[in-house]
Amino acid sequence: MVKKIGILTSGGDAPGMNDAIFGAIRTCYKLDKEIYAIYGGYKGLIDDNIVKLDKNFADTLINRGGTAIKTARLPEFKEDKVQYEAIETLKKHGIEALIVVGGDGSYMGAKKLTEKGINCIGLPGTIDNDISSTETTIGFDTALNTVVEAIDRIVDTSSSHNRCAVVEVMGNKCPDLTLFAGIATGANYILTADNNVNVDKMIEELKELKKTNPDHVLILVAEKLLDTAALAKRIMDETGFDTRETVLGHIQRGGTPTAMERVNSIRMGAYAVELLDKGIGGVCIGTKGYELIYTDIYDALNLERDKHEDFYYTHDLIK
Ligand code: ADP
Ligand code: F6P
């Protein structure tokens, strides 16, 4: 039976990570185990930045975004040699199992460590919602609410001037934040890699729309899809709409986790400890409705991403 469990957060931080830590700490103490924070993701394993966590460490962090045990990216962790160094550090501390909260890159590291003898459980920590083995990732619900609130504010000012707002939404290669926020804010256009909007056609439609003097126009663009500033300028030049561009950026990643985020994250943290206690490793936890599930990490990484085509269909119906 494992006695000492480590926990680390890796890749981009996400609201809810502190809640997962809370759930893991409380469960460890309940099951009579020790829990250790590896500060700064996999880098903390190489730098030996490891601290035993007190039962109450995360009590006041439940409503705090970010991650109290820091995060980092360590590209060299792909190398076997570096993974063996990490194993040595864990062995030195007597840590027999590890919880890794991060995205798909972090999952790969967790699988490699499991194959080298340290059972690891992955928790889906990323605002992007780009992990297919779960319906929702830690951080997605909070980031979505932050995006929607920010857009609502933009619309307040935009509609006062009958303007067009072009808003770029973060999410790396995954359009979920853009798509879900587009529906929640009644956007006129949602531009993502999945729906392939024809920009020339959109410009022609906007020219027609201008003739009807709409209250405002809202266009959401997924990060990394196109040059948002250039698009806003083109709309301004060609359609007659007074147009402003906003890139939401890192504002999306911070802030107080929503209630659902906390519930999911705390439960996932607790479940990770339970699985490690049963000797299970090399898997990642996900949600399916209110149920918690786990999937082999390689299988999880091979799953096809849900493109939510029905959401685009709904958007077409209501726009
Ligand atoms: P995320 O986990 O959010 O997708 P990254 O892709 O940056 O973020 O990965 C986070 C960290 O996981 C990387 O900095 C690296 O330390 C580790 N990692 C990424 N890919 C691998 C891999 N193929 N093998 C082992 N570790 C990896
Ligand atoms: O993966 C989370 C994320 O916020 C992406 O949405 C974004 O593309 C990226 O991280 C930004 O990374 P950084 O914080 O290193 O600029």
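Owing to the predicted nature of the structure, the values given are computational and were not obtained by experimental measurement.

Description of the sheet that holds strand E11 (residues 291–296)
Argument step 1. A sheet is described by the order of its strands in space; here 7 strands give the open sequence E3-E2-E1-E4-E5-E10-E11, paired in mixed fashion. Strands with a single pairing partner mark the edges of an open sheet, and in this sheet they are strand E3 (50–52) and E11. Going across the sheet, the axis of each strand differs from the next one's by a mean of 25 degrees, ignoring polarity.
Argument step 2. In terms of strand pairing, strand E10 (residues 283–288) meets E11 through 6 bridges, oriented antiparallel. Residue Gly286 lies in a different strand from E11, and its bridge partner there is Ile293.

Things to note about the layout of surface pockets
Argument step 1. Considering only enclosed or pocket space, the largest pocket measures out at about 730 Å³ in volume.
Argument step 2. Contributing to the lining of the largest pocket are 31 residues, with Gly11, Gly12, Arg73, Gly105 and Ser106 lying nearest its centre.
Argument step 3. Per-element accounting of the lining of the largest pocket gives the leading share, 6 residues, to helix H4 (residues 104–115).
Argument step 4. Partitioning the lining of the largest pocket into residue classes produces 8 nonpolar, 13 polar and 10 charged.

A closer look at the packing of aromatic side chains
Argument step 1. Using the criterion set out here, one finds 4 aromatic pairs in the structure.
Argument step 2. Between Tyr271 and Tyr294 the ring centres are 6.4 Å apart and the planes differ by 50 degrees, which places this aromatic pair in the tilted class. With Tyr271 in helix H9 (residues 259–277) and Tyr294 in strand E11, the pair connects residues that are 23 residues apart, well separated along the chain.
Argument step 3. In this structure Tyr271 comes out as buried when scored by relative accessible area, which is 16%.
Argument step 4. Cation over ring: Lys210 sits above Phe241, and NZ or CZ is 5.5 Å from the ring centre.

Focus on the packing of helix H7 (residues 199–210) against helix H8 (residues 228–239)
Argument step 1. Taken N-terminus to C-terminus, the directions of H7 and H8 make an angle of 45 degrees; their axes are 10 Å apart at the nearest point. As the angle between them shows, H7 and H8 are arranged oblique. Every pair of crossing elements has a handedness; the one defined by H7 and H8 is right-handed. Where H7 abuts H8, its residues Val199, Asp200, Met202, Ile203, Leu206, Lys207 and Lys210 lie against Leu231, Arg234, Ile235, Glu238 and Thr239.
Argument step 2. Classifying every residue of the contact of H7 with H8 gives 6 nonpolar, 1 polar and 5 charged.

Description of the pattern of salt bridges
Argument step 1. Tallied over the entire structure, the rule returns 18 salt bridges.
Argument step 2. Here Lys43 makes a salt bridge to Asp47, at a shortest N to O gap of 2.7 Å.
Argument step 3. Owing to a relative accessible area of 37%, Lys43 belongs among the partly exposed residues under this scheme.
Argument step 4. Given a relative accessible area of 44%, Asp47 falls into the partly exposed group.
Argument step 5. Between Asp200 and Arg234 there is a salt bridge, and its shortest N-O distance comes to 2.8 Å. Taken as a pair, Asp200 in helix H7 and Arg234 in helix H8 lie far apart in primary sequence, 34 residues in all.
Argument step 6. Via salt bridges that share partners, Arg163, Asp242 and Arg244 belong to a single interconnected network.

Looking at the site of ligand 1
Argument step 1. The environment of ligand 1 is made up of 16 residues, and the closest members are Arg73, Leu74, Gly103, Asp104 and Ser106.
Argument step 2. Between an oxygen atom of ligand 1 and a side-chain N or O atom of Arg73, the distance comes to 3.1 Å.
Argument step 3. In the model, a nitrogen atom of ligand 1 is placed 3.1 Å from a nitrogen or oxygen of the Gly105 main chain.
Argument step 4. Against a free-state accessible area of 550 Å², the protein chains account for coverage of 81% of ligand 1.
Argument step 5. Structurally, ligand 1 is housed in the largest pocket.
Argument step 6. Considering every element that reaches the shell around ligand 1, the biggest residue donor is H4, with 5 residues.
Argument step 7. Residue composition of the shell around ligand 1, grouped by class: 5 nonpolar, 8 polar and 3 charged.

Criteria and cut-off values
- Residues numbered from 1 in each chain as written.
- Chains lettered and ligands numbered in written order.
- Predicted model: local features only at pLDDT ≥ 70, side-chain atom pairs only at ≥ 80, totals over all residues.
- Heavy atoms only, no water.
- Pairing = 2+ DSSP bridges.
- Helix = DSSP H or I, 4+ residues; strand = E, 2+ residues; numbered from the N terminus.
- Axes fitted to C-alpha atoms, helices over the stretch in contact; angles between N-to-C directions.
- 1 Å grid on protein atoms, 1.4 Å probe; cavity = no way out; pocket = protein on both sides within 12 Å on 5 of 7 lines; lining within 4 Å.
- Points joined across faces, edges and corners; volume = space filled by probe spheres on them.
- Nonpolar A, V, L, I, M, F, W, Y, C, P; charged D, E, K, R; others polar.
- Phe/Tyr/Trp six-rings, centres within 6.5 Å; stacked < 30°, edge-to-face > 60°.
- Buried < 20%, exposed > 50% of the residue type's maximum accessible area, 1.4 Å probe, protein only.
- Lys NZ or Arg CZ within 6 Å of the ring centre and 35° of its normal.
- Parallel < 35°, antiparallel > 145°, perpendicular 65-115°, else oblique.
- Left-handed = near helix turned anticlockwise from the far one by under 90°.
- Contact = heavy atoms within 4.5 Å.
- Salt bridge = Lys/Arg side-chain N within 4 Å of Asp/Glu carboxyl O.
- Near = heavy atom within 4 Å.
- Polar contact = N/O pair within 3.5 Å; in protein donor to acceptor, adjacent residues only side chain to side chain.
- Areas by Shrake-Rupley, 256 points an atom, 1.4 Å probe, with all protein chains shown as cover.
- Sits in = over half its atoms within 2 Å of the grid points.

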